[in-house]
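So the chains spell out like this:
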Amino acid sequence: MKALAIENYGENPNFLDFPMPKMNNDEVLVEIYAASINPLDTKIRKGELKLLLKYKMPLILGNDFSGKIVEVGASVTKFKVGDEVYGRPRANKMGTFTEYLSVNEEDIALKPKNISFEEAASIPLVGLTSYQALHDILRIEKGHKILIHAGSGGVGTFAIQLAKYMGAFVATTASDGSDLVKSLGADEVINYKTEKFEHSIRDYNAVLDTIGGATLEKSFVTLKKGGKIVSISGIPNGRFAKENGFSSLKKTLFSIASYKLTKLEKKHNVQYTFLFMKHSGEQLKILTEMLESEVIKPTLDKVFIFEDAQKALEYAETGRAKGKIILKLK
């Protein structure tokens, strides 16, 4: 089968030939119809997550997909051949920029009936990230006020809709995508090119940061005491290392690296959490219900054919996409 892979960190990916995936008894074999491109793919390609994830080379890129099941393992009970599914494989099984994928049945869900394969492929990573941030960690409730950074990005376009569904007042940062984020439900839009969000946002319950760096650090002032900030682009801290079973050495390294963020936590009396999204077929089922009832709608920027994957990745790295970038295989 053909797949888009890297042979060393830092290199551009190329199409390589791979043997068909081997299946475990609790896995299904999926023929990939579409996959989406995420900032995570760039971070993995560049080797920026080597402390968190260990991969062997050559490494097939890609972290979410949609497709059709062509074979099921002996112990699989939830799915059958012919089912249309979507999902985010567990971290050690990543590699969705390919024609076929073996994936655990616990990591997938039936594709929403009312959307295309391309739209379905746009959902798993950003949907699960948003759900785990807003529901599991931030515990957004009706009346809460949340700042979502980069509202026109992949996570932002989903998180705005989810936060509104949960009853929150939503502020977001954007530049020329203000019409898009307003159409998704944003109550306040801050043009980060002309305004400083840290000057106008105060006493919020929560922040969802997708940028990291100075943007994350400035976000602490926007929270009320006891508020929470979740970042998918910040620095993992010692608490993250402990909760995820990392070694004492990595816990120490993360604690040192995140010292400035810990200091800001204490200064503003808020909680900082680094989120590395986890696979979950059960949570995908919840998202499926929202998509089928049109509480949330997919937001696509561009669809590229698989052969143009390199162009798609280059476009993704410009940071100009409004919504998701999709690779179409079928």
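For the structure given in this document, a descriptive report is provided here. (Residues numbered from 1 in each chain as written. Predicted model: local features only at pLDDT ≥ 70, side-chain atom pairs only at ≥ 80, totals over all residues. Heavy atoms only, no water.)

## Looking at the sheet that holds strand β1 (residues 2–6)
- As summarised here, the arrangement of the three strands in space is β2-β1-β4, forming an open sheet in which the pairing is antiparallel. On the outer flanks of this sheet lie β2 (14–17) and β4 (59–60), each paired with one strand and no other.
- The pairing of β1 with β2 spans four bridges and is classified as antiparallel. Note on β2: the bridge partner recorded for Lys2 is Asp17. (Pairing = 2+ DSSP bridges. Helix = DSSP H or I, 4+ residues; strand = E, 2+ residues; numbered from the N terminus.)

## What about empty space enclosed by the protein?
- Counted under the stated rule, the structure contains two cavities of 30 Å³ or more.
- Taken as a whole, the largest cavity encloses approximately 50 Å³ of empty space.
- Taken together, Ser122, Ile123, Val126, Gly154, Thr157, Phe158, Gln161, Lys297, Pro298, Thr299 and Lys324 make up the full set of residues lining the largest cavity.
- Of the residues assigned to the lining of the largest cavity, the class counts are four nonpolar, five polar and two charged.
- Its volume calculated, the second largest cavity comes out at about 30 Å³.
- Forming the walls of the second largest cavity are Lys78, Phe79, Glu105, Glu106, Ile108, Gly281, Glu282 and Lys285.
- Residue contributions to the lining of the second largest cavity peak at three residues, all from helix α11 (residues 281–292).
- Residues belonging to the lining of the second largest cavity are distributed by class as follows: two nonpolar, one polar and five charged. (1 Å grid on protein atoms, 1.4 Å probe; cavity = no way out; pocket = protein on both sides within 12 Å on 5 of 7 lines; lining within 4 Å. Points joined across faces, edges and corners; volume = space filled by probe spheres on them. Nonpolar A, V, L, I, M, F, W, Y, C, P; charged D, E, K, R; others polar.)

## Topic: the layout of surface pockets
- When its volume is computed, the second largest pocket comes out at roughly 410 Å³.
- Lining the second largest pocket are 18 residues, with Ile60, Asn92, Lys93, Met94 and Gly95 sitting closest to its centre.
- Mapped onto the lining of the second largest pocket, the elements with two or more residues apiece are β4 and β7 (100–104).
- Looking at the lining of the second largest pocket residue by residue, the classes come out as 11 nonpolar, four polar and three charged.

By themselves, these are just geometric observations and shouldn't be taken as functional.
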